[in-house]
Amino acid sequence: MSNVFVPKSEIEKQKEIAAGLHNATVNKKACVQTYGCQQNVADSERIAGALRLCGYELTTDTSQADVVIINTCAIREHAELRVLSGTGQLKKQKEKNRDMLIGICGCMAQEKHRREQIKRSYPYVDFIFGTDMHHRLPEIIRSALSSKKRVSFVTEVPHNEFGVISEDMPVLRESSYKTGVSIMYGCNNFCSYCVVPHVRGRERSRSYDDILNEVNTLVKNGYKDITLLGQNVNSYNGELSFPGLLADIAAIPGDFWVRFMTSHPKDASDELINVMAENEKIARHFHLPFQAGNDRILSLMNRGYSKQQYIEKALNIKEKVKGISLSTDVICGFPTESESDFLDTLDVVRSVGFDMIYSFVYSPREGTPAAVMEGQVPHEEKVRRFNALTELQNETALKNNEVFVGQTLKVLSDGSENDAYIGRSSQNKIVAFDKPVREGVFTNVLIEKAQPYALVGKVTD
Ligand code: 5AD
Ligand code: SF4
């Protein structure tokens, strides 16, 4: 496994290349557009860090930018179509500014058929780089600036390979008080519908020391809400197991919350639940995707647990970690899912009582086993199930939130938005309150009213 770490000499080389670009980047601006999950947001912060190292000033306005990098998501077709339409919109800007560079990275860049499509239909894209290439961005920018042809930096990730981990490149974070820290990359689970293991390679974990140092620095710099990120954080495999890592992070002195995303139900251990129960600095929120309720569908999905096992695990978490909120992901209309199979999904929702469900219509992904299964469910039927699930969840979410009325919650302020003052509680609930509190500051709010996806109250301190 040690060969997954990019050697320090390579990082030094990239830093030298970045310094050598400073003359070319005087007064130049760069923009990173991010699609998809928190892992991509964290990757974009590394990309932004590397761009600044090259001398670019960062902007969020593509029309001001000399370089635009689009960090893409491939999880569902809808996500890919959004990326392609966003890329299409940059064509006009490039016609106005011929020297503008456009780059594509992220999960779509790892898909061969998408790369070919980009080559064919988006000739104004100047460079493409894969999910393991962030640390080489200075070299990529240098080649894109000097080449008349498109440049591509992608390593296909064969199923038995890990990909890399790079440390010590700068990170430019979007927020000054809440952020994500990747603790591992890739996934070994091969759920039959999912493209992630095909594009991001096998699981590999950052070292315990690197993670602890990063979180320590964040806490010292005033970060209050830190999310440990990985496709399946429970299989973190550094010098300690995930519960050990989490306990040590929670023991760092300071007033902050630590969260994690995402957990696979088959790996969420009793040890982890105990560590959470014992430590208030670990946020009272657990995201535990169950995907489907029917045992036959779960087995076709290659999930490794049954409906009953999931329900028991979820209820056990609720019982042991007082006041915890539970969220989940659900896929509607996986191949061969019948109406009665779907009723099992609704049954899990009723039995567990989630605070939040992220539901998705099944989207066939090229190269995954589910995409070629017989018995694909018609789109209208998938949408009907999605709507039925949403309706049930809206009722459950309101009931769950009503429990908080009369309680005082500690809330991390996100400042104001459209004249409302809002923040998040440890349970990751949106809380609206009555007076301004500086963003990034904790405050106490007495909850007076519950809505399905927000709580409303008064600041008490
Ligand atoms: N179709 C629909 N939803 C999907 N997800 C992953 N792959 C697919 C797909 N092919 C969902 C799962 C996962 C979340 C991040 O995206 O619910 O947990
Ligand atoms: Fe995809 Fe399953 Fe891995 Fe999650 S655990 S990233 S759903 S393969």
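The rules we used
- Residues numbered from 1 in each chain as written.
- Chains lettered and ligands numbered in written order.
- Predicted model: local features only at pLDDT ≥ 70, side-chain atom pairs only at ≥ 80, totals over all residues.
- Heavy atoms only, no water.
- Helix = DSSP H or I, 4+ residues; strand = E, 2+ residues; numbered from the N terminus.
- Rg over C-alpha atoms; globule rule 2.2 N^0.38 Å.
- Buried < 20%, exposed > 50% of the residue type's maximum accessible area, 1.4 Å probe, protein only.
- Pairing = 2+ DSSP bridges.
- Axes fitted to C-alpha atoms, helices over the stretch in contact; angles between N-to-C directions.
- Contact = heavy atoms within 4.5 Å.
- Near = heavy atom within 4 Å.
- Nonpolar A, V, L, I, M, F, W, Y, C, P; charged D, E, K, R; others polar.
- Right-handed = clockwise from strand over helix to strand, strands pointing away.
- Domains from an automatic or database assignment.
- Buried area = accessible area lost by both parts, 1.4 Å probe.
- Salt bridge = Lys/Arg side-chain N within 4 Å of Asp/Glu carboxyl O.
- Polar contact = N/O pair within 3.5 Å; in protein donor to acceptor, adjacent residues only side chain to side chain.
- Areas by Shrake-Rupley, 256 points an atom, 1.4 Å probe, with all protein chains shown as cover.
- Phe/Tyr/Trp six-rings, centres within 6.5 Å; stacked < 30°, edge-to-face > 60°.
- Lys NZ or Arg CZ within 6 Å of the ring centre and 35° of its normal.

Comments concerning the overall build of the protein
Move 1: The number of helices and strands found in the protein is 13 helices and 19 strands.
Move 2: Over its C-alpha trace the protein gives a radius of gyration of 23 Å, about what one expects of a compact globule, namely 23 Å for 461 residues.
Move 3: For the C-alpha atoms alone, the extent of the protein along its principal axes is close to 60 × 60 × 45 Å.
Move 4: For the protein, buried positions account for 55% of its 461 residues.

Some words on the sheet that holds strand 19 (residues 454-459)
Move 1: What the five strands build is a closed barrel, ordered 15-16-17-19-18; its pairing is mixed. Mean inter-strand twist for the sheet, computed between neighbouring axes without regard to direction, equals 50°.
Move 2: Bridge count between strand 16 (residues 420-425) and strand 17 (residues 430-433): four bridges; the pairing is antiparallel. For Tyr 421, the partnering residue across the bridge sits in strand 17 and is Phe 433.
Move 3: Sheet contacts for helix 13 (residues 379-402): strand 18 (442-451) and strand 19; angle to strand 18, the most-contacted strand, approximately 130°.

Brief notes about the site of ligand 2
Move 1: Contacts to ligand 2 come from Cys 187, Asn 189, Phe 190, Cys 191, Tyr 193, Cys 194, Val 196, Pro 197, Gln 231, His 264 and Arg 303.
Move 2: Here the shell around ligand 2 is composed, by residue class, of seven nonpolar, three polar and one charged.

Observations regarding the pairing of strand 3 (residues 67-72)
Move 1: Burial analysis of strand 3 places six of its six residues in the buried class, which makes it a mostly covered element.
Move 2: Of the two faces of strand 3, the one holding Val 67, Ile 69 and Asn 71 and the one holding Val 68, Ile 70 and Thr 72 are both buried throughout.
Move 3: Sheet topology places strand 3 next to strand 4 (residues 101-106); six bridges connect them, and they run parallel. Each bridged residue has a counterpart across the sheet, and for Ile 69 the counterpart in strand 4 is Gly 103.
Move 4: The parallel pair strand 3 and strand 4 is bridged by helix 3 (residues 77-96), and the resulting crossover is right-handed.

So, the domain arrangement of the protein
Move 1: Looking at the assigned domains, one finds that the protein contains domain 1 (8-153), domain 2 (178-399) and domain 3 (408-459).
Move 2: Taken residue by residue, the interface counts 18 residues in domain 2 and 16 residues in domain 3.
Move 3: Of the roughly 1400 Å² buried where domain 2 meets domain 3, counting both sides, 55% is carbon and sulfur surface.
Move 4: Area buried by domain 2 at its contact with domain 3 is led by Lys 224, Trp 257 and Leu 398, which between them contribute 36% of it.
Move 5: Between domain 2 and domain 3 we count three salt bridges in total.
Move 6: The shortest N-O distance in the salt bridge between Lys 410 and Asp 255 comes to 2.8 Å.
Move 7: At the junction of domain 2 with domain 3, the criterion picks out eight residue pairs in polar contact (both at pLDDT 80 or more).
Move 8: Contributions of two or more residues to the side of domain 2 that touches domain 3 are made by strand 11 (257-261) and helix 13.

Thoughts on the sheet that holds strand 12 (residues 285-287)
Move 1: Overall, parallel pairing links the three strands, which are arranged 12-13-14 in an open sheet. Pairing within the sheet leaves two strands with one partner each, and these edge strands are strand 12 and strand 14 (356-361). Strand-to-strand twist of the sheet, defined as the mean angle between neighbouring strand axes without regard to direction, takes the value 15°.
Move 2: The pairing of strand 13 (residues 325-332) with strand 14 spans six bridges and is classified as parallel. Across the sheet, Cys 332 pairs through a bridge with Val 361, a residue of strand 14.
Move 3: Packed on one face of the sheet, helix 13 meets strand 13 and strand 14 and runs near 175° to strand 14.

Examining the site of ligand 1
Move 1: Ile 75, Arg 76, Tyr 193, Gln 291, Asp 329, Ile 331, Phe 360, Val 361, Tyr 362, Ser 363 and Arg 365 make up every residue found near ligand 1.
Move 2: One nitrogen or oxygen atom from the main chain of Tyr 193 is found 3.0 Å from a nitrogen atom belonging to ligand 1.
Move 3: One of the backbone N or O atoms of Ser 363 is found 2.8 Å from a nitrogen atom in ligand 1.
Move 4: When ligand 1 sits alone it has 400 Å² of accessible area, and the protein chains cover 86% of it.

Here we look at the packing of aromatic side chains
Move 1: This structure, assessed with the given rule, holds 11 aromatic pairs.
Move 2: Geometrically, the ring pair formed by Trp 257 and Phe 442 is edge-to-face, given 4.9 Å between the ring centres and 70° between the ring planes. Taken together, the positions of Trp 257 in strand 11 and Phe 442 in strand 18 put the pair 185 residues apart, joining distant regions of the chain.
Move 3: For Phe 442, a relative accessible area of 15% puts it in the buried group.
Move 4: Aromatic ring contacts, followed pair by pair, group Phe 290, Tyr 305, Tyr 310 and Phe 354 into a single cluster.
Move 5: Directly above the ring of Phe 360 sits Arg 76, whose terminal nitrogen or CZ lies 3.7 Å from the centroid.
Move 6: Over the ring of Phe 442 we find Lys 410; its NZ or CZ atom is 4.3 Å from the centre of that ring.

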